[in-house]
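# Observations on the model geometry
Below are the chains, spelled out letter by letter.
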Amino acid sequence: MNTSSLYIGLMSGTSLDGVDGVLADFGNGAIRTIEAAFVPFPAALRAELMALQAKSDNELEREAIAANGLAAAYAQCVQALLPAAGGPVAAVAVHGQTIRHRPELGFTRQTNNPALLAELAGIDVVADFRSRDIAAGGQGAPLVPAFHEAAFGKPGVARAVVNIGGIGNISVLHGDGRVTGYDTGPGNVLIDLWISRNQGKAYDADGAWAASGKVDAKLLEVLLDEPYFRQPAPKSTGRDLFHDEWLDAKLAQCPDVAPADVQATLTRLTAITIARAIEDENASVAAVYVCGGGAYNATLLRDLAQELGGKVTVESTAALGVAPNRVEALAFAWLGYRFMQRQPGNLPAVTGAKGPRILGALYPA
C-alpha cells in the first residue's frame, strides 16, 4: 500500500483556459504546496468543451472523445509536476470539466476519463467528487469551503474566502468552527464572454477595459433581477444558467449601453453579488481573501472593496501563503487525500447534503 503523503491535484474550471495542477504534501497534518504547473488547453479541445456546455448533436460520442483529450492534458500536467516529488505520489485527484450542473434534477456531469489518466500517469486516480454529495441530497457544490477552513481558518477570527473563477463562490469561516458558503453567481464567466465577443480576448487583463467604462445603473438593476440571487442557500450554479442567452436577454432591455460600460457593469455585478452574499452571513468578517482568476482583476477587487463599504480588507490568498491560482487545485488534492484516508470531504451546512460523505471514486494505477 502506498503510504506517501504526496498528492497531485488537478483543476480545470468554468473559465476553460486549461489545467491548473499542484503537488502537495499533507504529512503530519500540514498542507504544503511543493510545486505548481499549468497546461493550457489546445484551441480545438477548448472549443469542443465550450460547445458541450449546451445541447448539441452527437453529444455522447463528442464528449467521450473530448474526455480522452482532457485526460491527455491532465497527464501532461502530472508529468510536469512529478520531477519535484522525489518519491512516490499517493494519488492524483482530478475534478474533471463540468459540462452540466443540475442538482435540482439529481445530477452533475464532470467529463473526464480517469481510467485513461491512471493508465497514462501510472498513479492511482481519484475522481468524481461531486456525485456522492448530490446522491445524499446536496448541491455537489461548492466543495472547497471544507478545504478553506482547513487551510485558512483561524480560531476566533471571522474571515471570508472568495473564489472567483467562471462562477463566484464564498466560504465564510466564522472563527468558531462554523463554515457557511455557496455559489454567488457569475464570477468571470460574463466578463470573459463580453470581452471575447467584442475584442477577441480571453479575459479582461487587470480589469482594464472595465475600468475604462462606467457602471450603467439601469443595466445593473436589470442584471440583478435574477431569481437565483434571491434564492436561499444551499445553492449552486454554472453555465447552465449564466450564458450567452441569459446575457443577451438582459442586454435587450438596455440596448444603448456602450460596450465598455457593459463590461464595467458586468464587473460590478460580480462584485455586488459577492459582497451581498458575505454581508448576508452576518459574520462581521475582518478580511476577505480572493482566489481564482478574479484575484488578478484589480478593477473587480476595487469594486468588491467598495461594495463592502471600504471597511473590510480585500486581498488575495497570497497573504495567507497560497497563490490565488493554486487554491482550487490544492483543494482537490486535499479532497483526494481525504478520500484515501476515508474521511468525509463535504460540509452538509454548505451543500445541503443529509450528512458528511466520503467523496470520490478510485481508479487504481
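Residues numbered from 1 in each chain as written. Predicted model: local features only at pLDDT ≥ 70, side-chain atom pairs only at ≥ 80, totals over all residues. Heavy atoms only, no water.

The name an unreviewed UniProt entry gives the protein is Anhydro-N-acetylmuramic acid kinase, with Massilia agilis as the organism. Per UniProt, the protein carries the Catalytic activity (unreviewed entry) text "1,6-anhydro-N-acetyl-beta-muramate + ATP + H2O = N-acetyl-D-muramate 6-phosphate + ADP + H(+)". The UniProt entry for the protein carries the following comment under Sequence similarities (unreviewed entry): "Belongs to the anhydro-N-acetylmuramic acid kinase family." (UniProt positions renumbered as here; feature names shortened; annotations may be inferred.)

### Structural notes on the pattern of salt bridges
Summed over all chains, the structure comprises 11 salt bridges. Ionic pairing is found between Arg 100 and Glu 59, a salt bridge with its closest N-O pair at 2.7 Å. Placement of Arg 100 in strand S5 (residues 97-102) and of Glu 59 in helix H2 (residues 59-81) is noted, with a sequence separation of 41 residues between them. In this structure, Glu 63 engages Arg 109 in a salt bridge whose closest nitrogen and oxygen atoms are separated by 2.8 Å. Of this pair, Glu 63 sits in helix H2 while Arg 109 is found in strand S6 (residues 107-111), placing the two residues 46 residues apart along the sequence. (Salt bridge = Lys/Arg side-chain N within 4 Å of Asp/Glu carboxyl O. Helix = DSSP H or I, 4+ residues; strand = E, 2+ residues; numbered from the N terminus.)

### A look at the sheet that holds strand S10 (residues 179-186)
Taken in spatial order, the five strands line up as S10-S9-S8-S11-S12 in an open sheet, and their pairing is mixed. In this open sheet, the two edge strands, each paired with only one partner strand, are S10 and strand S12 (313-316). Direction aside, the axes of adjacent strands within the sheet are offset by 20° on average. In this sheet, S12 lies alongside strand S11 (residues 287-291) in parallel orientation, the contact comprising four bridges. Residue Val 288 lies in a different strand from S12, and its bridge partner there is Val 314. Across the face of the sheet, helix H5 (residues 144-152) comes into contact with strand S8 (159-164), strand S9 (167-173), S10 and S11 while running at roughly 45° to S9. (Pairing = 2+ DSSP bridges. Axes fitted to C-alpha atoms, helices over the stretch in contact; angles between N-to-C directions. Contact = heavy atoms within 4.5 Å.)

### Description of the pairing of S8
Burial analysis of S8 places six of its six residues in the buried class, which makes it a mostly covered element. Of the two faces of S8, both are covered, the one formed by Arg 159, Val 161 and Asn 163 as well as the one formed by Ala 160, Val 162 and Ile 164. With six bridges joining them, S8 and S9 adopt antiparallel strand pairing. When the sheet's bridge partners are listed, Ile 164 is paired in S9 with Gly 168. Alignment of S8 against S11, held across five bridges, turns out to be parallel. Looking across to S11, one finds that Asn 163 is bridged to Cys 291. (Buried < 20%, exposed > 50% of the residue type's maximum accessible area, 1.4 Å probe, protein only.)

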